[in-house]
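Observations on chain architecture
Residue strings, one per chain:
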Amino acid sequence: MEKTDSIQEKWMKEFTTTADRYHNIVIWVAVIFNILFFITDYINVEEHWKTFFIVRITVSAITAMAMLLRHQLKITTAQVVFVPFLLISIQNAFMWSLMDAEHLQKHTLAYMALFIGAGMLILWTMRYSIIIVVLSIVANIGFFLVNSELNLEQIMVNGGLLTASVAIFSILLIQTRYNLTKREIIARTSLEATNVVLNEQKEIIEENNKSITDSIKYAKRIQDAILPDEALLKKHLKDHFVYFKPKDIVSGDFYWFSRRESTNTTIIAAVDCTGHGVPGAFMSMIGNTLLNEIALNEEIDTPAKMLFELRKAVIEALQQSGQGDNKEGMDIALCMIDHDAQKIQYAGAYNGLYIMKGDELITAKADRMPIGSYHDRDEVPFTNHEFEIEDGDRFYIFSDGFIDQFGGADEKKFSAKKFKALVSKMSAYPMEKQNAILEKTMEQWKKETDQLDDMLIIGFEVI
C-alpha cells in the first residue's frame, strides 16, 4: 500500500511540473502573440483593425493578470491557460462575424492555429476542451446572428467546416497527449515495482499505441476531406489518374485542384510538403488553405505568380527568418489550363512537368528553390512555361517519392532516368491502365524494402 501511494505521489508531482512548464509557455505566448497579430488585422481587415486591437489588448491583459495573480486566486496553470484559450476563441468568433467571405477564409488559418497549438502544448482533462469548443460554437452563432450577413453555407465553405474539424481533432489530440503523458510518467516511476505493475505497464503501452493510431486515423479522415473530389476531376479533364501512396497513415504529399469559371481555367497541382506522417500532414493542411486563398485572386493569373504568392504566405505562416536554409516548406508542380485558348502554363518548385507529344517526351524543368525561405532567394520569381495543347497530349506532375525509392537487385534509387523511360512506355495506354502499371512497377521494384517517402504522380489529358 505504501509503495502504491509513493508511485501515485511521484507521478502526480512530475505530471504537475510538466504541465506547469508547458502552460507557462502557452500563457505568455498567448499574451504576446495575440497582440502582435493585430498587424495582420491591419493588413487584411483595415476597417476593423482598431476594434480588433482593443479586443486583443483586453484579452491579453486579462490573461496576464490571471497569470500574475494565480497564487492569490489559488488557481492552477491549467485553469489559467483556460482563460486565454476561451477568450481568444470568443475573440476570433467576434472578429469572424465582422468579416466578409474573402477575409473570413484568410482568417481561418489563425483560428486553426489556436486549436492546433493547444493540441500540441496543453495538458488538461477533456472537460476543459469540450467547454472551450461548445462555448466557441455558441459565440460564433451569436456573433454571426448579430453582426454578419453571410449565410451558413458561405461560413462553412470559407473556413467554418475546416475549423470545426480541426477543433474536434484538437479535443482528441489534447486528451490523447494528456493520457500518454500521464501513463508514460506512471510507467517510468513503476519500473522497480512488482511483476503485476510490469504487466499493467504493458497494457498501458498497448493502450497508448491504440490511442495514437486512432488519433492519426481520424487525422487521415480530415486530410482526405481536403483532397479534390474525383467527380470534379472527371468533369474538367478528358482523362486522368492519381497515383497516391502515403508512407504512413497520413501524408505530406497532396494534390490540389481549382476552377476559375469566369476564365474557363483549371488549376491542378502536385505538392510535396516537408516530412511525412503527422508533421507533413499539418504542413499539407496549411498548404491547401493557402492555395485556396491565392486561387480566389484572379489577378494572380500565372502559375509562376501563384508560386511566388504561395512562398510569401508560407514564410509568413511559418514565421521563417530568411536566414540560412529553412527546412519547413514544400515542393510543387502547378499547371494552369486555359480550355478556350487550348494552352497550358506550368511553374515548379523542384517538381517538374513531363509532356508526352506522340512518342516524344518533353521536360519542363522546375526552379531549384522550394516554397519557403531559402537563403537569399525569397524574392526571386519563379519561371513560367507555356505550351500549346494538341489532341493526344498527356501531362504528368509528381513528387520525388517514386523516383527516390530504393529497390531492385542493387538496392539503388529508381532514378529519374528510369521514371522517364517508364512514362514514355506507359503513356500509350489509357490513364487507368497507366496507374496499374505504376502500381505493379513499384511493387516489383521495392519488394521487401520499406517505402521511404510519400508517393504522388498525376497524369491527365485535356482534349
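The following paragraphs examine the structure supplied in this document. (Residues numbered from 1 in each chain as written. Predicted model: local features only at pLDDT ≥ 70, side-chain atom pairs only at ≥ 80, totals over all residues. Heavy atoms only, no water.)

**Focus: the packing of aromatic side chains**
- According to the stated counting rule, one finds 12 aromatic pairs in the structure shown.
- Ring centres of F244 and Y255 lie 5.7 Å apart, and the angle between their planes is 85 degrees; on these two criteria the pair is classed as edge-to-face. Placement of F244 in strand β1 (residues 239-245) and of Y255 in strand β2 (residues 253-260) is noted, with a sequence separation of 11 residues between them.
- Between the aromatic rings of F398 and F419, the centroid separation amounts to 5.0 Å while the plane-to-plane angle is 70 degrees, which identifies the pairing as edge-to-face. With F398 in strand β9 (residues 394-398) and F419 in helix α13 (residues 416-426), this pair connects stretches of sequence that are 21 residues apart. No difference in accessibility class separates F398 from F419, as the two residues are buried.
- Through a chain of ring-to-ring contacts, the aromatic side chains of Y243, Y354, F398, F402, F414, F419 and W445 assemble into a single cluster.
- The ring of Y22 has R21 lying over it, and the distance from NZ or CZ to the ring centre is 5.9 Å.
- The ring of Y128 carries the charged tip of R127 above its face, separated from the ring centre by 5.0 Å. (Phe/Tyr/Trp six-rings, centres within 6.5 Å; stacked < 30°, edge-to-face > 60°. Helix = DSSP H or I, 4+ residues; strand = E, 2+ residues; numbered from the N terminus. Buried < 20%, exposed > 50% of the residue type's maximum accessible area, 1.4 Å probe, protein only. Lys NZ or Arg CZ within 6 Å of the ring centre and 35° of its normal.)

**Brief notes about the nonpolar core**
- Grouped together as the largest cluster of nonpolar side chains are 55 residues, with contacts concentrated most on I332 and F460.
- The contacts of F460, once residues within four sequence positions are left out, are L237, D239, H240, I268, C335, I337, I344, D393, R394, F395, I397 and M431.
- Listed in part, the 20 residues of the second largest apolar core include V423, M431, L438 and M455. (Core = buried A, V, L, I, M, F, W, Y, C linked by side-chain atoms within 4.5 Å. Contact = heavy atoms within 4.5 Å.)

**Describing helix α3 (residues 49-68)**
- Counted at 1.5 Å a residue, the expected span for α3 with its 20 residues is 28 Å, and the 28 Å between its end C-alpha atoms agrees.
- Restricting attention to buried positions, one finds in α3 the residues F52, R56, V59, S60, T63, A64, A66 and M67. With its buried residues spanning 160 degrees around the axis, α3 presents them on a single face. Residues of α3 that are exposed and point more than 90 degrees away from the buried face comprise K50, I54 and L68. (Expected span 1.5 Å × (residues − 1). Arc of directions from axis to C-beta.)

**Remarks on helix α12 (residues 303-318)**
- The end-to-end C-alpha separation of α12 is 22 Å, in line with the 22 Å expected for 16 residues at 1.5 Å each.
- Note on α12: the residue one or two positions beyond its end, Q319, has a positive phi of about 55 degrees.

**Considerations on the sheet that holds strand β8 (residues 385-388)**
- Sheet architecture is open: five strands sit in the order β2-β3-β4-β5-β8, paired in antiparallel fashion. The two strands at the open ends of the sheet, each matched to only one other strand, are β2 and β8. Within the sheet, the average angular offset between the axes of one strand and its neighbour, ignoring direction, is 15 degrees.
- Pairing of strand β4 (residues 330-338) with strand β5 (residues 343-349) involves six bridges; the strand directions are antiparallel. Bridge pairing in β5 links L334 to A347.
- Taken strand by strand, α12 contacts β2, β3 (265-273), β4 and β5, and its axis lies near 145 degrees from that of β4. (Pairing = 2+ DSSP bridges. Axes fitted to C-alpha atoms, helices over the stretch in contact; angles between N-to-C directions.)

**Looking at unusual backbone geometry**
- Here the phi dihedral of N264 falls at roughly 50 degrees; this positive angle occurs in a residue that is not glycine.
- Here N264 lies in the loop between β2 and β3.
- Under the relative-accessibility criterion, N264 is labelled partly exposed at 24%.
- At Y350, a residue that is not glycine, the phi angle is positive and equals roughly 70 degrees.
- Here Y350 shows up in the loop between β5 and β6 (353-357).

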